[in-house]
Amino acid sequence: ANPGPGANDDLSTAVLAQVDDDPSQQQELDVGVTSSPHSAPTPNAPVLVIGAGGKTGTAVVRALAARGVKVRAAIRTERSRGRANAAGASECTIADLATGRGLGPAIEGVGSIYHLALNVHPDEVGIAKRVANEAATQGATRLVFHSVLHPHDHSMPHHLRKADAEELIRATVP
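Residues numbered from 1 in each chain as written. Predicted model: local features only at pLDDT ≥ 70, side-chain atom pairs only at ≥ 80, totals over all residues. Heavy atoms only, no water.

A. How the structure looks around the layout of surface pockets. Size it by volume and the largest pocket reaches roughly 580 Å³. Surrounding the largest pocket, 29 residues form its lining, G51, L116, A117, L118 and N119 being those nearest its centre. Looking at the lining of the largest pocket, the elements that each hand over two or more residues are α1 (55-66), β4 (71-75) and α5 (157-172). In terms of residues, the lining of the largest pocket owes the most to one element, α1, which gives 3 residues. Looking at side-chain class alone, the lining of the largest pocket contains 12 nonpolar, 11 polar and 6 charged residues. (1 Å grid on protein atoms, 1.4 Å probe; cavity = no way out; pocket = protein on both sides within 12 Å on 5 of 7 lines; lining within 4 Å. Points joined across faces, edges and corners; volume = space filled by probe spheres on them. Helix = DSSP H or I, 4+ residues; strand = E, 2+ residues; numbered from the N terminus. Nonpolar A, V, L, I, M, F, W, Y, C, P; charged D, E, K, R; others polar.)

Printed below as a string of structure tokens:
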């Protein structure tokens, strides 16, 4: 059970995201910063939200910004910049998750990453590997992967890919 924001660690931040802009569908997202043997992020290090131009990503950006967190939005195309900025992103960067192009600059200098994978993408594990490897290389101290409730449900192959991505991330990011 999460004791709440700041209860145990002043570097931890819990945010309340309003999914689909519906307060009745609120969910708590732990996207705090913890220490790492790689590097200590600066106190004002931004949180990177990968997928910030989508519906859920915009809700995450909005919730973080409302709590005074500096947010760097990783978006797929320039068309999403206005939406991410309107949600409260303090900066935006273009990243191609399929190739990894732009991930290095997107992750550089952040303490935490909230990764929303492309919906039902056949290369979700490859994308998770690119994100996790770059996060580890850059010394990001926390990587939150937006997954599903039952990732081992064999009746839904895309859930199984989430389970594989979760396992890879746990093995890659300290």
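What follows continues from the structure just given.
B. Quick peek at the pairing of strand β5 (residues 91-94). Taken together, the 4 bridges between β4 and β5 define a ladder with parallel strand orientation. Note on β5: the bridge partner recorded for A73 is C92. Handedness of the crossover joining β4 and β5 through helix α2 (residues 81-87) is recorded here as right-handed. (Pairing = 2+ DSSP bridges. Right-handed = clockwise from strand over helix to strand, strands pointing away.)

C. How the structure looks around the sheet that holds strand β7 (residues 142-146). Strand order in the open sheet formed by 5 strands is β5-β4-β3-β6-β7, and the pairing between neighbours is parallel. Every interior strand has two partners, whereas the edge strands, β5 and β7, have only one. Put simply, the sheet's adjacent strands are angled 20° from each other on average, direction ignored. Note: strand β6 (residues 112-116) against β7, 5 bridges, orientation parallel. Paired with I113 across the strands is L143, a residue of β7. α1 contacts β3 (47-50), β4, β6 and β7 of the sheet and is inclined by roughly 165° relative to β3. (Axes fitted to C-alpha atoms, helices over the stretch in contact; angles between N-to-C directions. Contact = heavy atoms within 4.5 Å.)

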